[in-house]
Amino acid sequence: MGLDEAVLLGRADERAVLDRLLVEARAGRGAVKVIRGEAGVGKTALLRYCRDRATSAFQLHTTVGVQSEMQLPYASLHQLCRSLLVHLDSLPAPQRGALGVALGLVEGPPPNPFLVSLATLNLMSEAAAHQPILCVIDDAQWLDSASSQALGFVARRLLADSVAMVFAVREPTSNRELDDLPELRLDGLPDDDARVLLASVIRAPLDVDVRNRLLAEMRGNPLALLELPRRLDSKQLPGLATRRGTKDLAERIEDSFVDRLAGLSRDARLLLLLAAAEPGDDPLLLWKAAKRLGIDVSSRKLAASDGLLSIDGGVRFRHPLVRSAVYRSADPIDRRAAHLALAHETDAVADPDRRAWHLAAAAVGPDEAVASELEKSAGRARARGGLSAAAAFLRRSVALTENPSRRAERALAAAHVSLHAAEYESALDLLESVRSGSLDELQQARAELLRAQIVSASGALGQTPALLLAAAERLEPLDMALARDSYLDAWGAALFAGSLANANMRDVSRVVRSRPIRPPHPHASDLLLESMSVLMTDGREPAAPLLRHAIERFLAEELPVDKGMRWSVIASIASLEIWDFESRDAVLTRFLRMARQAGALAPLAFALNGNAITAAWTGDFEAAARLCAEAEAVTEATGSRVPPFGGMLFAALRGQESVAVAFMEGNAREANASGAGFGLQWAQWTTAMLYNSLGRYEEALRAAQRAWDLWPDWSISIFAAAELIEAAARLGRSGSVLAAHDRLLASADVGGTDWGAGIAARSTALLTDGADAEAAYRRAIQHLESTRLKPEIARAHLVYGEWLRREQRRIDAREHLQTAHAMFAEMRSEGFADRARHELLATGVVVGKRAAVDHEELTSQEAHIAQLAADGHTNVEIGAKLYLSPRTVEWHLKKVFLKLGISSRRALRSTLRNRPQELDIEAG
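Residues numbered from 1 in each chain as written. Predicted model: local features only at pLDDT ≥ 70, side-chain atom pairs only at ≥ 80, totals over all residues. Heavy atoms only, no water.

A. Inspection of the side chain of N692 at higher detail. Note on placement: N692 falls in helix α35 (residues 677-693). Taking relative accessible area as the criterion, N692 reaches 0% and is therefore assigned buried. Ignoring anything within four residues of it in the chain, the contact list for N692 reads Y697, A700, E723, E726, A727, R795, F832 and R835. (Helix = DSSP H or I, 4+ residues; strand = E, 2+ residues; numbered from the N terminus. Buried < 20%, exposed > 50% of the residue type's maximum accessible area, 1.4 Å probe, protein only. Contact = heavy atoms within 4.5 Å.)

Quick look at the structure:
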């Protein structure tokens, strides 16, 4: 009985799952399944079943991960997409260019990996419009990193495309790209089927106890049942079940293949070794290398005769374990000879990287010529967006470098690339490998800086500021410009880690102030570092003019894109410190433009959040919702952990308790767990705002107090102070917040803007009585009406109206309460609007609750897509913005039309304009 037949014997349920997957794909619903199981359990056989069932109804595209090919960027993706490239011209130019560079079809700047992924998605979507597609990916645990990321991205976004993707993954695996996709876990065959399969291999009579022990040992694994007993006679079988030792089943199966190799001739074993050492599927290359080794052509028959290898139109092993058995068991001298023969026969022009890898595997010791070739391969890999491949080439280059200084430089380069490839353990290992080597002072300082950056990128946010600070101090006498940049990075890391940092902003600032590091002609970044440090050490009053100058220079100076993106968040926080809303808006608008133009998705998530905050603060909730939805799409696509700052403020101002409370609590937990102290403080502040809007002042007071305590008198604490004061005033506990009030007044006074003056006056009014209170309320409204901050203006009218009602001036109260209610209702700020409605009822004005909408509400993603379509964007443009295929965009639009009761894009604009927008932030 063959392996495929044996596997399918007891897999009726699994076959039904794959049959349904094909039906869904044919119906235009993207379908994905990841088949997981140990080696030999039958994953490949099920893939073949799925492929056979697809027959002529599907276009078939396949790729196989090969362990020795994991260093070649996009190798598996290229194999899968080869026949899809006829549709390449249908892609938008940026996507077409990115995919072309990644696959080595054209030259160009290094492509953004997410643009490559989106191009792959749209390429499949376009091809599937002509005929459904089945993508079969075997041994996915060995996909190269770039291909694995791209295919995982595609698999998560197949909603409305006639595409089925089936992956096979050998467990256990370290590849996590496919972890959250629908799975089909494959265990051993049922007992009855396993007995039938064992009987087909062992035809001689077998003792019942021996048979039962064998079945227990094999755990229903079809390959084990076929391979392990086949070469044993009846006298050896009883001992088989007792010789397991410490080896797992896969190792024992592999050992059985090693045993079979012993019966082959040396030429046959060498031919198998050549095939195992070369991941390509090229028989011609194999025969050329065989000839170079002097292998008799008749060895082909000898290798094939035992069923281990077939060579016809391609080169295929009976099972991946055969490949690993052949390679592992080979003599090291033979392995090097095989790689050297393959290197000599590999085209140095057409495939220089594969040739370099073979030369490296053939090297006996350090070899500068090969190390240089590997360095060039790393450069080519980086140019194609293959950071993991570049890191692998550089790591091998380090191992082959004899000169200590050059070895150290290559190790630092390899660690730097490994950092950007998110291979943090490898990066740290490389730094350890040169720690005791001949690093000069500058190299040691750079290594320390790299170590800090690796720790930061790996998520240890609280540890990062102290490491960056130490690296900056070490760099100071060696490279002052890099030291200054590192100090500012340390300050930014301390900002983000907040109260959870091991070295806080004040610690960093004290070191900066104690050093003569200001250059004769300072850049904006130098001024930013100096002013923020003065703020932390000397306070707001001496810092304010420095902050204004730094922000002005930051906006005027032409900054390198990477630095402009890195430090825009700090510049925006500097603007908040002096209550300069317009400068903050200008900084973040430029930041968003930079991130979009650079295609830098991690910075883009921060930029989108910053601009969503602006939109929410100005009462443009429609824009806030769109920006939050896009930020969510970016963070989901990249897997980044950027806290949804914009989403939290938007949720607080919307005041929809059912979703906002869970949303805030979830983000507070996430920020605390990840060490993002700033995110935690932001979550507590916005939670306080939410509860104030709902009139739940005890909860608001507790949340505001937590936000204040996390870092008193620092930007977010000052905003929290305003919430603290409002909640305490409503609870009759004004005396407990006088210190926070004093700091708020001092901050606003230094800022000197209408925004700060208005918030300060509103807070003062809440803690004051009589004519002084009324004067303060009026000042608050006057100042805030000079700004674009509509929610703050409406809140000033609300608290003034509430005070007037308590003063029994109901007619006067109605004017301000009606203004507040109208503004909140127009913005759809439901919590504050309801609070104003209740106050109006108390004055004798009957205000009905907002009527329930007469249509099903749109999700945030649907609303975003609808608005983009209404603004005239095509499906392709919308898909590029939200990382969806055009057909998935069309699918969402059909749902939008159904919910809104319309039938065309033409009706969208008027419908969305005439209906209150229904954009919600999801809990989670």
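After that view of the structure, there is still more to cover.
B. Structural context of the nonpolar core. With 215 residues, the main nonpolar core has M165, F167, W617, W685, W714, W755 and L908 as its most contacted residues. Ignoring any residue separated from it by four or fewer positions in sequence, one finds L908 in contact with A866, A869, A870, L893, V896, F897, L900 and I902. Core analysis: the second largest hydrophobic core is formed by 47 residues, L270, A276, L321 and A341 among them. (Core = buried A, V, L, I, M, F, W, Y, C linked by side-chain atoms within 4.5 Å.)

C. Just the environment of H864, in detail. Within the secondary structure, H864 sits in helix α44 (residues 860-870). For the pair H864 and I878, spaced 14 residues apart in sequence, the C-alpha separation works out to 9.3 Å. A polar contact of 3.4 Å, which involves the side chain of H864, links it to the backbone oxygen of R626. (Polar contact = N/O pair within 3.5 Å; in protein donor to acceptor, adjacent residues only side chain to side chain.)

D. Broad picture of the pairing of strand β4 (residues 163-170). Along β4, 8 of the 8 residues are buried, which leaves the element largely enclosed by surrounding structure. Covered by surrounding structure in β4 are V163, M165, F167 and V169 together with A164, V166, A168 and R170, the residues of both alternating faces. Of the strand pairs in this sheet, strand β1 (residues 31-37) and β4 are connected by 7 bridges, and their pairing is parallel. In the strand pairing of β4, R36 is matched with V169. Where strand β3 (residues 133-138) and β4 come together, 5 bridges link them in parallel fashion. Across the sheet, the residue bridging to I133 is V163, located in β4. With helix α7 (residues 145-155) bridging β3 and its parallel neighbour β4, the resulting β-α-β unit is right-handed. (Pairing = 2+ DSSP bridges. Right-handed = clockwise from strand over helix to strand, strands pointing away.)

E. Molecular detail of the pattern of salt bridges. If you walk through the whole model with that rule in mind, you get 60 salt bridges. D180 serves as the salt-bridge partner of R156, at 2.6 Å between the closest nitrogen and oxygen. Taken together, the residues R156 in the loop between α7 and β4 and D180 in the loop between β4 and β5 (183-185) connect sequence positions 24 residues apart. Judged by relative accessible area, R156 falls into the partly exposed class, the value being 26%. You can call D180 exposed: its relative accessible area is 58%. Three or more residues joined by partner-sharing salt bridges are found here, namely R36, E171, R176, D179, E183 and R185. (Salt bridge = Lys/Arg side-chain N within 4 Å of Asp/Glu carboxyl O.)

F. Seen up close, the sheet that holds β1. Overall, parallel pairing links the 5 strands, which are arranged β2-β3-β4-β1-β5 in an open sheet. Only two strands of the sheet have a single neighbouring strand rather than two, namely β2 (59-64) and β5. In this sheet, adjacent strand axes meet at a mean angle of 15 degrees when their direction is disregarded. Running over the sheet, α7 touches β1, β3 and β4 and is turned about 135 degrees from β4. (Axes fitted to C-alpha atoms, helices over the stretch in contact; angles between N-to-C directions.)

G. Spatial organisation of helix α8 (residues 191-201). Regarding α8, the residues found buried are D193, A194, L197, L198 and S200. Looking straight down α8, one finds its buried side chains confined to an arc of 155 degrees; they lie on one side. Of the exposed residues in α8, the ones pointing more than 90 degrees away from its buried face are D191 and D192. (Arc of directions from axis to C-beta.)

H. A look at unusual backbone geometry. P172 follows E171 through a cis peptide bond whose omega is 0 degrees. Looking at where P172 falls in the secondary structure, it is placed in the loop between β4 and β5. Look at W579: it is not a glycine, yet its phi comes out positive at around 55 degrees. By the element assignment, W579 lies in the loop between α29 (561-577) and α30 (581-598). Positive phi, normally seen in glycine, also occurs at R828, with a value near 70 degrees. Structurally, R828 can be placed in the loop between α42 (810-827) and α43 (830-842). The class of R828 is buried, set by a relative accessible area of 4%.

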